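# What the coordinates show
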Amino acid sequence: MKTSSELRLAPGTVITGKWNRGRYRVERLLGEGANGKVYLVEQNRRLYAMKVGGDAVDLQSEINVLRSLASRRRRAEPYLMAVDDCVREDGSEYPFYVMRYVRGSAVHEYLQREGADWFPLVGYHLLGKLAELHEAGYVFGDLKRENVLVGDYGRVELVDFGGATALGKSVRQFTELYDRGYWNAGSRTAEGTYDLFSYAVLCLHLFEGRRLLQLAQTALPQNRSPADLIRLTDGHPALKPFAGWLARALRGEFASAREGAAAWQLIMYGGGVKMNRKRTPAGWAAGLFACTMLALAAAIVWLMTEGVLPTGLS
Amino acid sequence: MRQLLLITDGCSNVGMNPVVAAAHAKAEGITVNVIGVVERGESISAAEVEIEEIARAGGGMSRLVNTRQLSQTVQMMTRKTVVTTIQQAVNKELRQVFGAESVEALPPERRGEVVRVIDELGESSPLKVALLIDTSASMRPKLQAVEEAIRDLVLSLQSRSGRSEIAVFHFPDSENGEGCVCDLDWTDNIAGVKRILPRLAMRGTTPTGPAMMQVIDFFRQGDYGRTIRGETDGMTGEDVV
C-alpha cells in the first residue's frame with residue numbers, strides 16, 4: 001500500500017499534472033491529513049493549496065464530497081480548482097487536487113493569539129459551516145482543532161474533508177478524543193448530532209485541554225461517559241455561558257446544527273442590553289390608545305346629541 | 001467479504017507455518033490482516049518479519065502498535081480492507097468496461113463515478129470478520145486492550161448499512177495446546193457479553209498456523225457448532241452449541 005508519508009515535496013519542486021498539464025511550484029508544506037499532505041503551491045503568481053494523496057480512491061471520495069458541495073452553492077467562489085496526478089522521477093504516481101488557499105491559523109492558535117473574546121463568534125461561524133454541510137447531506141466526521149482554520153475577524157473555514165460522510169452512512173474517519181462512540185455517547189452513524197458532539201469536545205479541548213486529556217487517559221473505557229465531559233463545561237469563564245449549550249450538544253439534544261447555531265446565538269447576545277429608562281410595554285400602550293379613542297368617540301357622540309356640534313360634521 | 005484479523009505479539013513455534021496458512025486463507029477468499037501488539041521497551045524484531053509475511057501471503061496489511069493505538073488500528077484496518085476488497089472486484093470490471101487496469105489508470109474526471117460505486121458497495125456489502133487472538137503468557141497484560149478494541153470494532157460495524165458480523169477465537173487451546181477455541185460465534189451484537197476472552201492461565205506455545213487453519217475451516221462451515229467434530233480437530237467451542 002502506498003502511503004503519502006513516502007512522498008516529500010521540497011520547496012521549489014515544480015509539479016506538472018499528468019492529464020491536464022497544469023504546472024505548480026511548491027512553496028511549503030501546510031499540513032497533513034489522513035489521506036495526504038497539503039502544500040502551498042503557486043501558479044501564475046497566485047497561491048493555492050494542493051492536497052497530494054497516497055491513494056487515488058481515498059482522495060477521490062474526498063473530491064466527490066467537495067464537488068457535490070460546490071454544485072450546491074453556485075454563488076460561492078470555486079473551492080476545488082483542479083484534479084490531476086503527478087508523476088515522480090522514479091515513475092511513481094500520486095493523485096492530487098488543487099483548492100483555494102485559505103489564509104488562517106488553526107482555531108486553538110488563533111484564540112491563543114487573538115484572545116478568548118473571539119471564541120463565541122468563531123464558534124458561531126463554525127456552527128454555520130457545519131449546518132451548511134449538513135444541509136448539503138454530509139457530516140464532517142473528523143472535526144478537531146487542526147481542521148478548523150480561522151482567518152481575519154473570526155472567519156472560519158473547514159479543511160480536510162477526509163472524514164466527510166453522507167448522512168446515514170458510517171463515519172469514514174474520526175479522532176478518538178472527539179468521537180462520541182469513544183465516550184459511549186452514541187453510534188458512529190453520520191448524523192448531525194455526531195458533529196455537534198465533536199464540536200462540544202472541541203470547545204472543551206480549547207479551554208480545558210489538560211483536564212480533557214487527563215479524563216480520556218484515566219477513565220476506563222467502559223466508564224467513559226458524556227456526563228464526565230459535561231462536568232468540564234462550566235469550569236472556564238469562556239465556556240461558562242455556554243455550559244448549558246455544551247451539555248445539550250454532548251447529550252445529542254439538538255435536532256440540527258442550524259438549531260444549535262440559533263441557540264448559540266441567543267447566548268452570545270442573550271445578556272440583553274440594560275435600559276436606563278423602562279420601556280413602555282407594548283400591550284399597555286395599545287390599551288391606553290384604545291381607551292383614548294373610545295373616550296373621544298363618546299365625547300363626539302355626546303356633543304352631537306347636545307347640538308353643540310354642527311350636524312354636517314357627522 | 002471475509003477477513004481474518006490476527007492479533008499477536010510473538011513468533012509462532014508449533015505446527016504449520018502461519019505464512020502457508022495465510023496463503024490458504026487467501027485462496028479461500030479471506031483477507032488476512034495482522035496486528036503486532038508491542039509495549040514500550042519490548043522488542044519483537046523476529047516476530048516483526050513473520051507478521052509482515054503472514055499479511056503479505058494473506059493479501060492484507062500488518063501494523064505494529066501499542067495497546068493505546070489498538071482500537072483505532074483494528075477499526076482502520078478493517079475499513080481499509082473492505083475498500084481494498086471492493087476495489088479489487090471493481091478493477092476487474094474496469095478492465096472489461098474501460099480497458100483500464102485500475103482506478104488510477106482512469107483520467108481524473110472519470111474516477112468520480114467509479115469511486116462513488118466503491119464507497120457505496122463498501123458500505124453495504126455483507127462483511128464477516130474473524131478475530132484470532134494470541135493469548136499466550138506475554139499477551140495476558142494486553143488482553144484488556146484487545147477486548148476494548150473488539151467492542152470498539154463492533155460499534156463501528158453496527159453503523160454500516162450492510163450486514164456485519166464478527167467471531168472471536170483465542171489460541172492456544174489450553175487443553176489441547178495445538179489449536180484455537182471459539183469464544184464468540186458469528187454475531188453483530190455483543191452488548192450482553194460481559195467477557196469475551198477467558199482469563200485462564202495459558203500454556204506457552206504459540207500455534208499460529210494451526211489456529212489459522214481452524215478459523216479458515218470455521219469460515220467454510222458457516223454453521224459450525226451444530227457439527228460434531230473429531231477430537232483431533234481440537235476446536236472445542238466453549239460457548240458454542
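In this text the structure is predicted, and so the values were computed from the model without any measurement. (Residues numbered from 1 in each chain as written. Chains lettered and ligands numbered in written order. Predicted model: local features only at pLDDT ≥ 70, side-chain atom pairs only at ≥ 80, totals over all residues.)

### Comments concerning the sheet that holds strand E9 (residues 148-150) of chain A
Residue and element names in this part refer to chain A. What counts is decided by this rule: In short, DSSP must find at least two bridges between two strands for them to pair. Each helix is a run of H or I in the DSSP string that is no shorter than four residues. Each strand is a run of E no shorter than two, and both are numbered from the N terminus. Here, residue contact means that the backbone-derived C-beta atoms of the two residues sit within 7 Å. Simply put, an axis is a line fit to the C-alpha atoms, just over the touching stretch for a helix, and the angle between two N-to-C directions goes from 0 to 180 degrees.
Pairing in this open sheet of three strands is antiparallel, and the strands run E7-E9-E10 from one edge to the other. Only two strands of the sheet have a single neighbouring strand rather than two, namely strand E7 (105-106) and strand E10 (156-158). By the bridge criterion, two bridges tie E7 to E9 in an arrangement that is antiparallel. Across the sheet, the residue bridging to Ser-105 is Val-150, located in E9. Contacts from helix H3 (residues 119-135) reach E9 and E10 within the one sheet, and its direction differs from that of E10 by about 40 degrees.

### Let's talk about the interface of chain A and chain B
Counted only if it meets this: Basically, the charged four are Asp, Glu, Lys and Arg, the nonpolar ten are Ala, Val, Leu, Ile, Met, Phe, Trp, Tyr, Cys and Pro, and anything else, Gly included, counts as polar.
Of the residues lining the interface, 20 residues belong to chain A; the matching set on chain B comes to 22 residues. Elements with a contribution of two residues or more to the side of chain A that touches chain B: helix H1 (56-72) and strand E5 (80-87) of chain A. Looking at the side of chain A that touches chain B element by element, the count peaks at seven residues for H1 of chain A. The residue inventory of the side of chain A that touches chain B, partitioned by class, reads seven nonpolar, seven polar and six charged.

### Quick look at the nonpolar core
As a reminder of what qualifies: Put simply, a nonpolar core is a cluster of buried Ala, Val, Leu, Ile, Met, Phe, Trp, Tyr and Cys residues tied together by C-beta atoms within 7 Å. Counting other C-beta atoms within 10 Å of a residue's own tells you its class, since 20 or more makes it buried, 12 or fewer makes it exposed, and anything in between is partly exposed; those C-beta atoms are placed from the backbone.
If you look at the biggest cluster of nonpolar residues, it comprises 78 residues, and the most contacted ones within it are Leu-4, Leu-5, Leu-131, Leu-132, Phe-169, Met-212 and Val-215 of chain B. Residue contacts for Leu-5 of chain B: discarding those within four places in its chain leaves Asn-33, Ile-35, Val-74, Met-77, Val-129, Leu-131 and Leu-132 of chain B. Judged by nonpolar contacts, the second largest core, of 51 residues, contains Leu-133, Ala-164, Val-171 and Ala-249 of chain A.

### Comments concerning the pairing of strand E4 (residues 127-134) of chain B
Residue and element names in this part refer to chain B. Our working rule: A clockwise path from the first strand over the helix to the second, with the strands pointing away from the viewer, defines a right-handed crossover.
Of all the eight residues making up E4, seven are buried; the element is thus mostly covered by neighbouring parts of the structure. The pairing of E4 with strand E5 (residues 164-171) spans eight bridges and is classified as parallel. Bridge assignment links Lys-128 to a residue of E5, and that residue is Glu-165. In this view, the connection linking E4 to its parallel neighbour E5 by way of helix H5 (residues 143-158) has right-handed handedness.

### Here we look at the pairing of E5 of chain B
Residues and elements named next belong to chain B. The element E5 is extensively covered by neighbouring structure, given that seven of its eight residues are classed as buried. Direction of pairing for E5 relative to strand E6 (residues 181-187): antiparallel, over a ladder of four bridges. If you follow Val-168 over to E6, its bridge partner there is Leu-184.

### Things to note about the confidence of the model for chain A
Residues and elements named next belong to chain A. Stated precisely, the cut-off is as follows: Summary of the metric used: pLDDT quantifies the predictor's per-residue confidence within the range 0 to 100.
Of all residues in chain A, 88% attain a pLDDT of 70 or more, and the chain-wide mean is 88. Averaged pLDDT values for the elements of chain A fall to 70 in helix H8 (residues 282-305) and rise to 98 in helix H6 (residues 243-250). Here residues 1-5 is a poorly scored stretch, pLDDT under 50, and it has nine contacts once near neighbours within four places are set aside; other chains count.

### A word on the domain arrangement of chain A
The figure often quoted for interface size is the accessible area lost as the parts come together. Formally: Here the bounds of each domain stem from an automatic or database domain assignment.
Examined at the domain level, chain A breaks down into domain 1 (4-100), domain 2 (105-269) and domain 3 (282-313). Between domain 2 of chain A and domain 3 of chain A, the C-alpha centre-to-centre distance is 61 Å.

### Description of the packing of H3 of chain A against helix H7 (residues 257-269) of chain A
All names here are of chain A. Test applied: To sort the angles, those under 35 degrees are grouped as roughly parallel, those over 145 as roughly antiparallel, those from 65 to 115 as roughly perpendicular, and the leftovers as oblique. By convention the crossing between two helices is left-handed if the near helix lies anticlockwise of the far one by an angle smaller than a right angle, and right-handed if it lies clockwise.
Between H3 and H7, whose axes approach to 8 Å, the crossing angle comes to 165 degrees. Looking at the two axes, H3 sits roughly antiparallel to H7. Helix-helix and strand crossings are classified by hand; for H3 and H7 the assignment is left-handed. Two secondary-structure elements touch here, H3 through Pro-120, Gly-123, Tyr-124, Leu-127, Gly-128, Leu-130, Ala-131 and His-134 and H7 through Ala-257, Arg-258, Gly-260, Ala-261, Trp-264, Gln-265 and Met-268. Split by residue class, the contact of H3 with H7 holds nine nonpolar, five polar and one charged.

### Comments concerning unusual backbone geometry
In this chain, Phe-171 of chain B is followed by Pro-172 of chain B through a cis amide linkage whose omega measures 5 degrees. Although it is not a glycine, Arg-45 of chain A adopts a positive phi angle of roughly 65 degrees. Along the chain, Arg-45 of chain A falls in the loop between strand E3 (36-43) and strand E4 (46-53). For Asp-160 of chain A, which is not glycine, the phi torsion reads 70 degrees and is therefore positive.

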